[in-house]
2 protein chains.
Amino acid sequence: MTPSPLALYDPTLDLVLERVVDVAPRLVWAAWTTPELIMKWFAPAPWTVSECEIDLRPGGAFRTVMRSPEGDAYPNSGCILEVVPEQRLVFTDALLPGFRPAAEPFFTAAVMLTPEGAGTRYVARAIHSDPAGRAKHEAMGFHEGWGICLDQLVALARTL
Amino acid sequence: MTPSPLALYDPTLDLVLERVVDVAPRLVWAAWTTPELIMKWFAPAPWTVSECEIDLRPGGAFRTVMRSPEGDAYPNSGCILEVVPEQRLVFTDALLPGFRPAAEPFFTAAVMLTPEGAGTRYVARAIHSDPAGRAKHEAMGFHEGWGICLDQLVALARTL
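Residues numbered from 1 in each chain as written. Chains lettered and ligands numbered in written order. Predicted model: local features only at pLDDT ≥ 70, side-chain atom pairs only at ≥ 80, totals over all residues.

**Q** Looking at this structure, I do not really get the overall build of chain A. What am I missing?
**A** Regarding its fold elements, chain A presents 4 helices and 9 strands. Here the C-alpha atoms of chain A give a radius of gyration of 15 Å, agreeing with the 15 Å that 2.2 N^0.38 yields for 160 residues. The C-alpha extent of chain A, read off along each of the three principal axes, is 50 × 40 × 30 Å. Within chain A, residue pairs in contact and separated by at least 24 positions form 47% of the contacts whose partners lie at least 6 positions apart. (Helix = DSSP H or I, 4+ residues; strand = E, 2+ residues; numbered from the N terminus. Rg over C-alpha atoms; globule rule 2.2 N^0.38 Å. Contact = placed C-beta atoms within 7 Å.)

Right, dumping it as structure tokens:
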């Protein structure tokens, strides 16, 4: 077996949030794959998620609508690429559901979970096509935003 | 079970070549997934294929280099999305191997095989992001080119 295609990590193109959290992989997985749960943590407060649709299989939809504190809607429509329960979820906005190429591709997200003690080593990678895409995402506040959302995810997972 | 995401066929965005051929699905599948075989049928003669790399799993490479009769090289690098042996192969140039968004996305290809008698119902769909992409692909000679290549594939498969 050759290494996973996700071994093609490139620090000049990718952004990574990696942390060990004290909730089990099955709870992190549930938070990432259940629309009613996504709506509770996926946007950094005071932003909210007003809609979420997940068709959890390759080619299926991963769609959210975020709301700014002013109520403006920011829809995102993507396509799920890989589903390995409690281990790996990959989706991209470079494709729409049904694998159709999208008009404005930005990044692929890979969420990778491994058990660590009673908790989870959580690795979220944002994969871009060029250094400009990576820089734009970093300037948008990738590390702070994804970090706040992970805090929210963990707080929610503890209640499950 | 909801319908396959590939049920999202849109005749205003997609091009389709559908034909019943007199070789079994397992031979068509072999011709599509074995680099040494791809090199014998994937370009319409007198064009040729000088290189082919296939890493047959989601996220893996589907890469070819075509050569014009004058010897000019036309490389294509794509990413495999779905592998259902002898039934369905999906790949796209909207992503590079490892699911990285590509700089110049054009189309996703879905090859769908179903047994029909001793032969195969062969459906090859090219999935575009907009009508302009579909029109460009049609003007490039999609139907003639993919038809000639299928003739070449069938002639090769009969020898396997």
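**Q** Explain the relation of the copies chain B and chain A here, please?
**A** The relation between the two copies of this chain is a rotation about an axis and a shift parallel to it. You can overlay chain B on chain A at an RMSD of 0.0 Å; the transform is a turn of 180° with a shift of 0.0 Å along its axis. In short, the pair behaves as if placed about a two-fold rotation axis. Comparing interface residues between copies, 100% of those in chain B also lie at the interface in chain A; the contact surface is shared. (Least-squares fit on C-alpha atoms with pLDDT ≥ 70 in both.)

**Q** Looking at this structure, I do not really get the interface of chain B and chain A. What am I missing?
**A** A common measure of how large an interface is: the accessible area buried when the components associate. Taken together, the contact pairs 28 residues of chain B with 28 residues of chain A. For the side of chain B that touches chain A, the secondary structure elements donating two or more residues are β4 (73-84), β5 (88-92) and β7 (100-101) of chain B. Grouping the constituent residues of the side of chain B that touches chain A by class yields 16 nonpolar, 8 polar and 4 charged. (Nonpolar A, V, L, I, M, F, W, Y, C, P; charged D, E, K, R; others polar.)

**Q** Whenever I open this one, the pairing of strand β4 (residues 73-84) of chain A confuses me. Can you help?
**A** Regular strands show a simple pattern: their side chains alternate between the two faces of the sheet. All names here are of chain A. The pairing of strand β3 (residues 61-67) with β4 spans 7 bridges and is classified as antiparallel. Each bridged residue has a counterpart across the sheet, and for R63 the counterpart in β4 is S77. The antiparallel pairing of β3 with β4 creates a hairpin that spans 5 residues between the two strands, and G71 there sits at a positive phi of about 95°. Pairing geometry for β4 and strand β5 (residues 88-92), over 5 bridges, is antiparallel. Within β5, the position partnered with V84 by the bridge is R88. What sits between the antiparallel neighbours β4 and β5 is a turn of 3 residues, in which E86 has the positive phi angle 65°. (Pairing = 2+ DSSP bridges.)

**Q** Sorry, what's going on with the pairing of strand β8 (residues 108-116) of chain B here?
**A** All names here are of chain B. As paired elements, β5 and β8 share 5 bridges and run antiparallel to each other. Within β8, the position partnered with R88 by the bridge is M112. Note that β8 and strand β9 (residues 119-127) share 9 bridges and pair antiparallel. Residue pairing in the sheet places P115 in a bridge with T120 of β9. Connecting β8 to the antiparallel partner β9 that follows it, the hairpin turn spans 2 residues, and G117 within it adopts a positive phi of roughly 60°.

**Q** Where do I start with the sheet that holds strand β2 (residues 48-54) of chain B in this structure?
**A** Hydrogen bonds between backbone groups are what pair the strands of a sheet, and the pairing can be parallel or antiparallel. Residues and elements named next belong to chain B. On the basis of which strands lie adjacent, the open sheet formed by 7 strands has the order β1-β9-β8-β5-β4-β3-β2 and antiparallel pairing. The open sheet has two edge strands, β1 (14-21) and β2, and neither has a second partner. If you compare each strand with its neighbour and ignore which way they point, the axes differ by 20° on average. Sheet strands touched by helix α1 (residues 25-33): β2, β5, β8 and β9. Its angle to β8, the strand with the most contacts, is close to 160°. (Axes fitted to C-alpha atoms, helices over the stretch in contact; angles between N-to-C directions.)

**Q** Can you help me understand the nonpolar core in this one?
**A** Across soluble globular proteins, nonpolar side chains show a tendency to be buried alongside one another. In this structure, V28(A), C79(A), V28(B) and C79(B) are the most contacted members of the largest nonpolar core, which totals 70 residues. Setting aside anything within four residues of it in sequence, one finds C79(B) in contact with G59(B), F62(B), F91(B), T92(B), L95(B), L96(B), P97(B) and F99(B). (Core = buried A, V, L, I, M, F, W, Y, C linked by C-beta atoms within 7 Å. Buried ≥ 20, exposed ≤ 12 C-beta atoms within 10 Å, placed from the backbone.)

**Q** Looking at this structure, how should I read the sheet that holds strand β2 (residues 48-54) of chain A?
**A** Residue and element names in this part refer to chain A. With antiparallel pairing, the 7 strands of this open sheet are ordered in space as β1-β9-β8-β5-β4-β3-β2. Each edge of the open sheet carries a strand with a single partner, namely β1 (14-21) and β2. Strand-to-strand twist of the sheet, defined as the mean angle between neighbouring strand axes without regard to direction, takes the value 20°. Lying over the sheet, helix α4 (residues 142-157) contacts β1 and β9 (119-127), oriented at roughly 30° with respect to β1.

**Q** Just checking my understanding: could you explain unusual backbone geometry for this structure?
**A** It is generally the case that most residues other than glycine have a negative phi and that most peptide bonds are trans. A cis amide bond, omega 15°, links A45(A) with the succeeding residue P46(A). Along the polypeptide, P46(A) turns up in the loop between α2 (35-41) and β2. The backbone of F99(A) shows a phi angle near 70°, a positive value even though the residue is not glycine. F99(A) gets classed as buried once you count the C-beta atoms within 10 Å, which come to 28. The phi angle at E86(B) is positive, at roughly 65°, despite the residue not being glycine. Structurally, E86(B) can be placed in the loop between β4 and β5. Judged by the 18 C-beta atoms lying within 10 Å of it, E86(B) is partly exposed.

**Q** Just to check I follow, could you spell out the packing of α1(B) against helix α4 (residues 142-157) of chain B for this structure?
**A** Angle between the axes and distance between the axes are the two parameters that describe a pair of packed helices. All names here are of chain B. Contact geometry of α1 with α4 gives a least axis separation of 10 Å together with a crossing angle of 115°. The orientation of α1 with respect to α4, classified from their angle, is roughly perpendicular. Crossing hand, α1 versus α4: right-handed. Facing α1, whose interface residues are L27, V28 and A31, α4 presents L153, L156 and A157. For the contact of α1 with α4, the class distribution of residues is 6 nonpolar, no polar and no charged. (Parallel < 35°, antiparallel > 145°, perpendicular 65-115°, else oblique. Left-handed = near helix turned anticlockwise from the far one by under 90°.)

Scope: geometric values only; no functional claims are made or implied.
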